[in-house]
Amino acid sequence: FPTVLRLGENIRMENKKSVIPALIEFFHEELGVESAALAVDRSLFKSGLLQSIDFIMTVAFLEEEFVVSIPSEMREADKMDTIAQIAELIGALKP
C-alpha cells in the first residue's frame, strides 16, 4: 500500500483522505452545494458551482481547518478549481 500519492507533487495519502471529506462537508454545509455535484475532479468555479465570495470563504476555511498559510500566488481560482487540486495544495503545505 503506497504511503505517497503522486498528483504532480507528492502528497501524503492520509492528508488527502482527511482534506477531501472536510472539503465536501464544508461546500455542502456552509456553501449549500449539493454533495452529489462535488466530484473530486469537477470544476468548482469555472462550472459555476462556486462564486468568487465562496473562494474567499474556502481559503479562510482551509487556513483555519488545516492550520496552513496559502501563499498569495496560489490564491487563484484556476489553481484551486477542483477538490483534487485543493487536496494536493493542502498536502504540499502540511508538514
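Residues numbered from 1 in each chain as written. Predicted model: local features only at pLDDT ≥ 70, side-chain atom pairs only at ≥ 80, totals over all residues. Heavy atoms only, no water.

Peer 1: Kindly report on the overall build of the protein chain, identifying the contributing residues and their values.
Peer 2: Each helix and strand counted, the protein chain has three helices and two strands in total. The helix and strand sequence of the protein chain, counted from the amino end, reads β-β-α-α-α. A total of 95 residues make up the protein chain; the buried ones form 39% of that total. Carbon and sulfur atoms provide 52% of the accessible area of the protein chain, an area that totals close to 5,600 Å². (Helix = DSSP H or I, 4+ residues; strand = E, 2+ residues; numbered from the N terminus. Buried < 20%, exposed > 50% of the residue type's maximum accessible area, 1.4 Å probe, protein only. Areas by Shrake-Rupley, 256 points an atom, 1.4 Å probe, with all protein chains shown as cover.)

Peer 1: Any chance you could break down the confidence of the model for the protein chain for me, citing the residues and the numbers?
Peer 2: Across the protein chain, the average pLDDT comes to 83, with 82% of residues at 70 or higher. Of all the helices and strands in the protein chain, strand β1 (residues 4–7) carries the lowest mean pLDDT, 40, while helix α2 (residues 52–66) carries the highest, 93. Low confidence marks residues 1–14, where pLDDT is under 50. Its contacts with residues over four positions away, or in another chain, come to 21 contacts. (pLDDT = per-residue confidence, 0-100. Contact = heavy atoms within 4.5 Å.)

Peer 1: Can you explain the side chain of Asp81? Please cite residues and give values.
Peer 2: The topology assignment puts Asp81 in the loop between α2 and α3 (83–93). For the buried Asp81, which has no salt bridge, the nearest side chain bearing the opposite charge is Lys46, at an N-O separation of 4.4 Å. Reaching out from Asp81, the side chain makes a polar contact with the side chain of Ser43 at a distance of 2.6 Å. One polar contact links the side chain of Asp81 to the main-chain amide nitrogen of Phe45, over a distance of 2.7 Å. Each residue touching Asp81, except ones within four places of it in the same chain, is listed here: Arg42, Ser43, Leu44, Phe45 and Lys46. (Lys, Arg positive; Asp, Glu negative; His and termini not counted. Salt bridge = Lys/Arg side-chain N within 4 Å of Asp/Glu carboxyl O. Polar contact = N/O pair within 3.5 Å; in protein donor to acceptor, adjacent residues only side chain to side chain.)

Peer 1: Before we move on, could you go through α2 and cite the residues and values that matter?
Peer 2: With 15 residues, α2 extends 21 Å between its outermost C-alpha atoms, agreeing within 8% with the 21 Å of an ideal straight helix rising 1.5 Å per residue. Buried within α2 are the following residues: Asp54, Phe55, Thr58, Val59, Phe61, Leu62 and Phe66. Take α2 and look down its axis: the buried residues cluster within an arc of 165 degrees, on one side only. Among the exposed residues of α2, those oriented more than 90 degrees off its buried face are Ile53, Ile56 and Glu64. Count one or two residues on from α2 and you reach Val67, which has phi positive near 50 degrees. (Expected span 1.5 Å × (residues − 1). Arc of directions from axis to C-beta.)

Peer 1: Please provide a residue-by-residue account of unusual backbone geometry, values included.
Peer 2: One non-glycine residue, Val67, lies in positive phi territory at about 50 degrees. Position of Val67 among the secondary structure elements: in the loop between α2 and α3.

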